[in-house]
Amino acid sequence: MSFIHDKAICETKAVGKGTRVWAFAHILPGAVIGRDCNLCDGVFVENDVVIGDRVTVKCGVQLWDGLRIEDDVFIGPNVTFANDKHPRSRMYPEEFQKTIVCKGASIGANATILPGIVIGPDAMVGAGAVVTRNVPPRAVVRGNPARISGYMNSVKRDVLRPARVGCELGVGRVGVGDVELFPFKRISDMRGSLSVVEFGEDLPFHPARVFFVYDVPSIEVRGEHAHRICKQFLVCLKGSVRVLVDDGRQSRDVQLETPELGLYLPPMVWGVQHHFSDDALMMVLASHPYDADDYIRDYQLFLAEANNS
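Residues numbered from 1 in each chain as written. Predicted model: local features only at pLDDT ≥ 70, side-chain atom pairs only at ≥ 80, totals over all residues. Heavy atoms only, no water.

Let's talk about the pairing of strand S26 (residues 192-196)
Two elements, strand S25 (residues 185-189) and S26, share 5 bridges in a ladder whose sense is antiparallel. Residue pairing in the sheet places isoleucine 187 in a bridge with leucine 194 of S26. Hairpin connection from S25 to S26: 2 residues lie between these consecutive antiparallel strands. (Pairing = 2+ DSSP bridges. Helix = DSSP H or I, 4+ residues; strand = E, 2+ residues; numbered from the N terminus.)

Encoded structure:
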């Protein structure tokens, strides 16, 4: 049985077992509410809204048409959702834009979510953030406009900043599968410095392809995929970039900021590059030619394949 407070207005019959609807909440007839949810005082839910199981919606939240909330989501007090980019009084679009809050995500108090946004699984939106673009899985976003500040479940939620090649600290395994930092030979004199890579000696594979990533705005992310077969080797030739590596069991943020170190990404490692400095130039060496079928771009699919491998 569900619980509906006697001062709440619940016009829908689609309320799951164990769900509690508290005082002054108002739910319209077309809404669908899952099991074991908690809708606190003053929550308003329109018709074209679907809420999954075990969802918490704190006080003062309005859930407008087009909103889809998956299981185990937390929505903090006074979070604001929008469903029309160009609202006008008494003028309605043919269809409201869909906003999706994926399984396990959390949204902090007073955050604003613009229309048509997808907040990825297990993502965390900071209090007061203004989310203007999709949020990747497990990303932590803050600010206005919201930017990625880190990723959930990374080791100690810290960033590994490896030392330069002259020190052993930071060279070797990073604690996520077979991901590894490799040092390069460095030759320096009064004319400058030179880093050398011998393909048959210093790399764990023979490259078949090379590409360069640059001019990336700091708000953007790159990668967000894994490879089934292809191996990759990342070197930040200039500036700095952070790389999230995730094998489906552990994850870690690694900062690359010197051409003397390269980061080896074996197959079946989810990689995301973020926090590019304005002058960042990243070189990527790949073991295979481009093959679209080798990419896994959906994080949930990656987890499923990683767990089965």
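That covers the picture; the talk isn't over yet.
So, the sheet that holds strand S29 (residues 232-238)
Spatial ordering of the open sheet is given by S23-S24-S32-S29-S34-S27, a layout of 6 strands whose pairing is antiparallel. Each edge of the open sheet carries a strand with a single partner, namely strand S23 (172-173) and strand S27 (209-214). Relative to strand S34 (residues 281-286), S29 runs antiparallel, the two being bridged by 6 bridges. Residue pairing in the sheet places valine 235 in a bridge with methionine 283 of S34.

Points about empty space enclosed by the protein
Counted under the stated rule, the structure contains 2 cavities of 30 Å³ or more. What the largest cavity holds in volume is close to 40 Å³. Forming the boundary of the largest cavity are Trp64, Asp65, Gly66, Leu67, Phe81, Ala82, Asn83, Gln97 and Thr99. Class assignment for the residues of the lining of the largest cavity results in 4 nonpolar, 4 polar and 1 charged. (1 Å grid on protein atoms, 1.4 Å probe; cavity = no way out; pocket = protein on both sides within 12 Å on 5 of 7 lines; lining within 4 Å. Points joined across faces, edges and corners; volume = space filled by probe spheres on them. Nonpolar A, V, L, I, M, F, W, Y, C, P; charged D, E, K, R; others polar.)

Quick notes on the nonpolar core
Judged by nonpolar contacts, the single largest core of 51 residues is most densely connected at Leu63, Phe81 and Ile119. Mapped onto this core, the elements with two or more residues apiece are strand S8 (49-51), strand S11 (67-69), strand S20 (139-142), strand S21 (147-151), strand S33 (270-274) and helix H1 (299-308). Counting residues per element, this core draws most heavily on H1, which supplies 4 residues. When near neighbours in sequence (up to four residues on either side) are disregarded, leucine 63 contacts Phe44, Val45, Glu46, Val49, Ile51, Val57, Ile69, Ile75 and Phe81. Counting residues in hydrophobic clusters, the runner-up holds 20 residues, among them Leu181, Phe276, Met282 and Val284. (Core = buried A, V, L, I, M, F, W, Y, C linked by side-chain atoms within 4.5 Å. Buried < 20%, exposed > 50% of the residue type's maximum accessible area, 1.4 Å probe, protein only. Contact = heavy atoms within 4.5 Å.)

Some words on unusual backbone geometry
In this chain, asparagine 144 is followed by proline 145 through a cis amide linkage whose omega measures -5°. Within the element layout of this structure, proline 145 appears in the loop between S20 and S21. Positive phi is not limited to glycine here, since glutamate 224 has a value of about 55°. Within the secondary structure, glutamate 224 is located in strand S28 (residues 222-227). Its relative accessible area of 25% is what places glutamate 224 among the partly exposed residues.

Considering the pairing of S21
Here S20 runs beside S21; their pairing, made up of 4 bridges, is antiparallel. Pairing of valine 141 across the sheet is with isoleucine 148, part of S21. Where S20 folds back onto S21 in an antiparallel hairpin, the turn is made up of 4 residues, including glycine 143, whose phi is positive at roughly 95°.

So, the sheet that holds strand S18 (residues 124-125)
Sheet strands associate in pairs through backbone hydrogen bonding, adopting either a parallel or an antiparallel arrangement. Read across the sheet, 9 strands follow the order S1-S3-S6-S9-S12-S15-S18-S20-S21 without closing on themselves; strand pairing throughout is mixed. Of all the strands in the sheet, the pair left with one neighbour each is strand S1 (3-4) and S21. Strand direction decides the pairing type here: S1 and strand S3 (residues 20-21), joined by 2 bridges, are parallel. Looking at S3, one finds that phenylalanine 3 is bridged to arginine 20.

A look at the packing of aromatic side chains
Enumeration according to the criterion identifies 10 aromatic pairs in this entry. Plain terms: the ring middles of tyrosine 290 and tyrosine 295 are 5.5 Å apart, the flat faces sit at 50° to each other, and that makes the pair tilted. Residue classification places tyrosine 290 among the exposed residues on the basis of a relative accessible area of 53%. Ring pairing ties together the aromatic residues Phe182, Phe184, Phe205, Phe233 and Tyr264, which thus form one cluster. (Phe/Tyr/Trp six-rings, centres within 6.5 Å; stacked < 30°, edge-to-face > 60°.)

Purely geometric stuff here, so don't read any function into it on its own.
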